[in-house]
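The residues making up each chain are set out below.
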Amino acid sequence: MFAVRSRLGLSRARGRAAALVALLLALFLLASCTSSSGQDAAAVSRGKELFAANCATCHGVGGEGQPNWHTAKADGTLPAPPLNGDGHTWHHGDGLLYRVVSRGGQEFEDPRFSSFKSAMPAFGDRFSHDDIVAVLTYVKSLWGDKTSRGVSIVESQAFASEQDPFPPGGG
Ligand code: HEC
């Protein structure tokens, strides 16, 4: 009698384990449908449109920037720098890049160097949170496998973003 009951118990346990495996498999399949790479692909294509319409006039169609972008013009503003990984955009974490697009280049202005004036407009009143994240996701997609001192700039920037991530959305 005891043996029968324990065998029954065992098969019930096996049944539960199988159900659990099936559940985990279903969750895994569901998760891979909404994976971050799927979201990134959507953000990249939305960001590409936003970039072409709002950023390319200054930063160039491919994000290559304007010539002599290091040298201030007569009015104290700088030409638009490259965003395609050839400049230093990747030195900044997601949070700073977000603030630059949202608030404009005043983010870079420093009262100690009052001659510097920024020519980078603020997009915070025109762009939603998701728009800003999308346009920056697109910008980052231009970096491909470029490296600096042998290190992937995408990885360097991801590291900087751990300290300074995108602000939370939905607010
Ligand atoms: C009117 C010209 C102009 C437009 C339009 C413009 N930018 Fe800029 N942007 C600049 C300039 C100039 C700078 C350099 C910093 C400064 O002078 O404030 C800059 C800096 C930046 C930086 C910091 C780059 C770095 O390497 O530190 C980012 C990121 C950026 N812009 C993104 C964008 C995005 C995204 C758009 C479109 C939504 C855009 N910009 C539209 C002129 C422009």
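A. Highlighting the overall build of the chain. Scanning the chain for helices and strands turns up 6 helices and 2 strands. Its helices and strands taken in sequence order, the chain reads α-α-α-α-α-β-β-α from the N to the C terminus. The 171 residues of the chain split such that 18% are buried. Put simply, of all contacts in the chain between residues at least 6 apart along the chain, 55% involve residues at least 24 apart.

B. Looking closely at the environment of Gly63. Along the chain, the position of Gly63 falls in the loop between helix H3 (56-59) and helix H4 (94-103). Gly63 gets classed as buried once you count the C-beta atoms within 10 Å, which come to 23. A C-alpha to C-alpha distance of 7.5 Å links Gly63 and Val139, two positions 76 residues apart in sequence. Residues within four places of Gly63 in sequence aside, it is in contact with Pro82, Leu83, Asn84, Val139 and Leu142.

C. View of the nonpolar core. Counting 17 residues, the largest nonpolar core has Val101, Ile132, Ala134, Val135 and Leu136 as the members making the most contacts within it. Elements that contribute at least two residues to this core include exactly helix H2 (36-54), H4 and helix H5 (129-141). Residue contributions to this core peak at 7 residues, all from H5.

D. Expanded view of the site of the ligand. Neighbouring the ligand are 25 residues; Cys55, Cys58, Gly105, Ser118 and Met120 lie closest to it. Elements that contribute at least two residues to the shell around the ligand include exactly H3 and H4. Partitioning the shell around the ligand into residue classes produces 15 nonpolar, 10 polar and no charged.

E. Molecular detail of unusual backbone geometry. Here Asn68, not a glycine, exhibits a phi torsion of approximately 50°, which is positive. By the secondary structure assignment, Asn68 is in the loop between H3 and H4. Within the chain, Arg149 stands out as a residue other than glycine whose phi angle is a positive 50°. If you trace the backbone, Arg149 turns up in the loop between strand E1 (147-148) and strand E2 (151-152). You can call Arg149 exposed: it has 6 C-beta atoms within 10 Å.

Rules of the game
Residues numbered from 1 in each chain as written. Predicted model: local features only at pLDDT ≥ 70, side-chain atom pairs only at ≥ 80, totals over all residues. Helix = DSSP H or I, 4+ residues; strand = E, 2+ residues; numbered from the N terminus. Buried ≥ 20, exposed ≤ 12 C-beta atoms within 10 Å, placed from the backbone. Contact = placed C-beta atoms within 7 Å. Core = buried A, V, L, I, M, F, W, Y, C linked by C-beta atoms within 7 Å. Near = placed C-beta within 6 Å. Nonpolar A, V, L, I, M, F, W, Y, C, P; charged D, E, K, R; others polar.

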